[in-house]
Amino acid sequence: MKRAERVALLGVPVEVGAAQRGTLMGPAALRTAGLVPMLESLGLLVEDHGDLMVAPDSDLAQNPPSNARQYREIQSWARAVSARAYQLACSGALPLFLGGDHTLSMGSVNGMARFWREQGRELFLLWLDAHADYNTPSTTVTGNMHGMSAAFLCGEPGLDQLLGDEPRMPLDPQHLHLFGVRSVDRQERLLLQQRRINIADMRQIDEFGVGVLIRQIIEQVQSCGGVLHVSFDVDFLDPQLAPGVGTMVPGGATYREAHLVMELLHDSGLVGSVDIVELNPFLDERGRTACTVVELIGSLFGQRITGWATPSAMPPQPR
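Residues numbered from 1 in each chain as written. Predicted model: local features only at pLDDT ≥ 70, side-chain atom pairs only at ≥ 80, totals over all residues. Heavy atoms only, no water.

**Quick look at the environment of R121**
So the rule is basically this: The helix count covers DSSP runs of H or I at least four residues long, the strand count covers runs of E at least two residues long, and both are numbered beginning at the N terminus.
Here R121 is to be found in the loop between α4 (104-118) and β4 (123-128). Spatially, the C-alpha atoms of R121 and V227 are 7.0 Å apart, while their sequence positions differ by 106 residues.

**Some thoughts on the pattern of salt bridges**
Heads up, the condition is: One side-chain nitrogen of Lys or Arg within 4 Å of one carboxyl oxygen of Asp or Glu is enough to make a salt bridge.
If you walk through the whole model with that rule in mind, you get 13 salt bridges. Across the salt bridge formed by R114 and E118, the nearest N and O atoms sit 3.9 Å from each other. On the criterion of helical spacing, the pair formed by R114 and E118 is a turn pair, its members being four residues apart in helix α4. Across the pair R203 and E207 runs a salt bridge, and its minimum N-O distance is 3.0 Å.

**Some points on the packing of helix α3 (residues 71-90) against α4**
The condition is simple: Only the stretch in contact is used when a helix axis is fitted, and all axes are lines through C-alpha atoms; the angle between N-to-C directions ranges over 0 to 180 degrees. Helix crossings fall into two classes, left-handed where the near helix is turned counterclockwise from the far one by less than a right angle and right-handed where it is turned clockwise. Every residue pair with non-hydrogen atoms within 4.5 Å of one another is taken to be in contact. Gly counts as polar in this scheme, as do all residues outside two lists: the nonpolar Ala, Val, Leu, Ile, Met, Phe, Trp, Tyr, Cys and Pro, and the charged Asp, Glu, Lys and Arg.
The geometry of α3 relative to α4 is characterised by a closest axis approach of 7 Å and an angle of 35 degrees between their N-to-C directions. The interaxial crossing formed by α3 with α4 has right-handed handedness. Between α3 and α4, the contacting residues are I74, A78, V81, S82, A85, Y86, A89 and C90 on the first element and L104, M106, G107, S108, N110, G111, M112, R114, F115 and E118 on the second. Its residues assigned to classes, the contact of α3 with α4 comprises eleven nonpolar, five polar and two charged.

**Some thoughts on the sheet that holds strand β6 (residues 198-201)**
Put simply, the rule reads: Criterion used throughout: strands pair if DSSP finds at least two bridges between them.
The strand order across the open sheet built from eight strands is β2-β1-β3-β8-β7-β4-β5-β6, with neighbouring strands paired in parallel fashion. Looking along the sheet, the strands with just one partner apiece sit at the ends: β2 (45-51) and β6. Averaged over all pairs of adjacent strands, the angle between their axes in this sheet comes to 15 degrees, without regard to strand direction. Pairing analysis gives six bridges linking β4 to strand β7 (residues 227-233), with the strands arranged parallel. Paired with W127 across the bridge in β7 is S231. Lying on the sheet, helix α8 (residues 210-223) is in contact with β4, β5 (176-181), β6 and β7; it crosses β5 at an angle near 170 degrees.

**Let's talk about the environment of V109**
Locating V109 in the fold gives a position in helix α4. Separated by 121 residues in sequence, V109 and V230 have C-alpha atoms that sit 9.3 Å apart. Ignoring anything within four residues of it in the chain, the contact list for V109 reads L123, L125, L153, L171, H229 and D275.

**Here's the deal with the nonpolar core**
Quick note on the threshold: By nonpolar core is meant a set of buried Ala, Val, Leu, Ile, Met, Phe, Trp, Tyr and Cys residues that side-chain atoms within 4.5 Å join together. Accessible area is worked out with a 1.4 Å probe on protein chains only. A residue is then buried under 20% of its type maximum, exposed over 50%, and partly exposed in between.
Counting 53 residues, the largest nonpolar core has L39, L96, F179 and I297 as its most contacted members. For L96, the contacting residues outside a window of four places in its chain are V7, A8, L9, L10, L35, L39, V274, I276, I297 and F301. Residues L10, L52, A85 and A151 belong to the second largest nonpolar core, which totals 49 residues.

**Topic: a nonpolar patch on the surface**
Here is the rule: Residues enter patches when their relative accessible area tops 30% and they take part in no salt bridge; the joining distance is 9 Å for like charges and 5 Å for the nonpolar side chains Val, Leu, Ile, Met, Phe, Trp and Tyr. The method behind every accessible area is Shrake-Rupley, applied with a 1.4 Å probe, and residues are considered shielded solely by the protein chains displayed.
A cluster of nonpolar side chains, contributed by L24, M25 and F282, occupies part of the molecular surface with about 300 Å² of accessible area. For L24, the location among the structural elements is in the loop between β1 (6-12) and α1 (26-32). A relative accessible area of 39% means that L24 is categorised as partly exposed.

**Describing the confidence of the model for the protein chain**
Where we set the bar: The predictor rates its confidence in each residue with pLDDT, a number between 0 and 100.
For the protein chain, mean pLDDT is 94; residues scoring 70 or higher make up 92% of the total. In the predicted structure, residues 315-319 sits below a pLDDT of 50 and forms zero contacts with residues beyond four places in sequence or in another chain.

**Some words on unusual backbone geometry**
G99 connects to G100 through a cis peptide bond whose omega is 15 degrees. As for its placement among the helices and strands, G100 is situated in the loop between β3 (94-99) and α4. One non-glycine residue, R196, lies in the positive phi region at around 55 degrees. Mapped onto the fold, R196 is located in the loop between α6 (186-195) and β6. Looking at R196, the relative accessible area reads 65%, which means it is exposed.

**With respect to the state of the cysteines**
Selection rule: Cysteine sulfur pairs qualify as disulfides if the two atoms are within 2.5 Å.
This structure, assessed with the given rule, holds zero disulfides. Lacking any disulfide linkage, C224 is separated from the closest cysteine sulfur, that of C154, by 15 Å. The partly exposed category is assigned to C224, whose relative accessible area is 48%.

**Some words on the pairing of β1**
Most of β1 is tucked away: six of the seven residues are buried. When β1 meets β3, the two strands line up parallel, connected through six bridges. Counterpart to L9 in the pairing with β3 is L96.

Here it is as structure tokens:
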């Protein structure tokens, strides 16, 4: 897959999917932390499409499902984001979605799956997150819809009319990779086991290391001729590194682990779209989390300490 030359930024300031307000300020914080000049310094042409504005839809006649908070508003966001994701992908740029809570992925991933299916390629989803986000309205404890995003994208029932007339493109559950998980609800765990979802939790990361585990994901995508969407929830990182999130879970990825993940993904050439979600500047410390995220996105797009090839990108040497 050809590496990106153009990147299309789209802010998605949705915050109603989470219990803690403040993620609507995430896109502005990432821009303030220097996201655009950093990408431009890597030789990329950056097209900033600003922030998506969504008005409530008056033609959504379906009765909201029980135990899905703010369903109507999230339905409007999901439809709009899916349509824009598809349009941005058709433009030839690599879409980079700036959130916002993780419900934005219900739209971004769906739109990208539609685009790639039309190209005859399947979309794989790398979910960098402390949480599995594989609840449904029937399993959720809180009713917060950011915890249902991955399940919705894999076609789980309960939110069947969320996208309205926008085509729904559910992923094969085996194309979802949860990475860095360390907080799973009881009924959610049962559903994950039934679907045999790919999970690399922090125990596996401690035991095998991120290099081995990320390479396994890359090999699966390559073997299928697929494309990878990276959905990066900031709480994937350890809270001491990234305090600007509303759902802190101790024991997350370290600074170097996170950079290695991003570097390996860049080397693979498989990444076709990216989400950055759950950054809450209201809870941050003088912009520290936003700056860390921008540094990590730099690694994802090819920023390196040195100018020469990294070991994983080098061809095998004769012995």
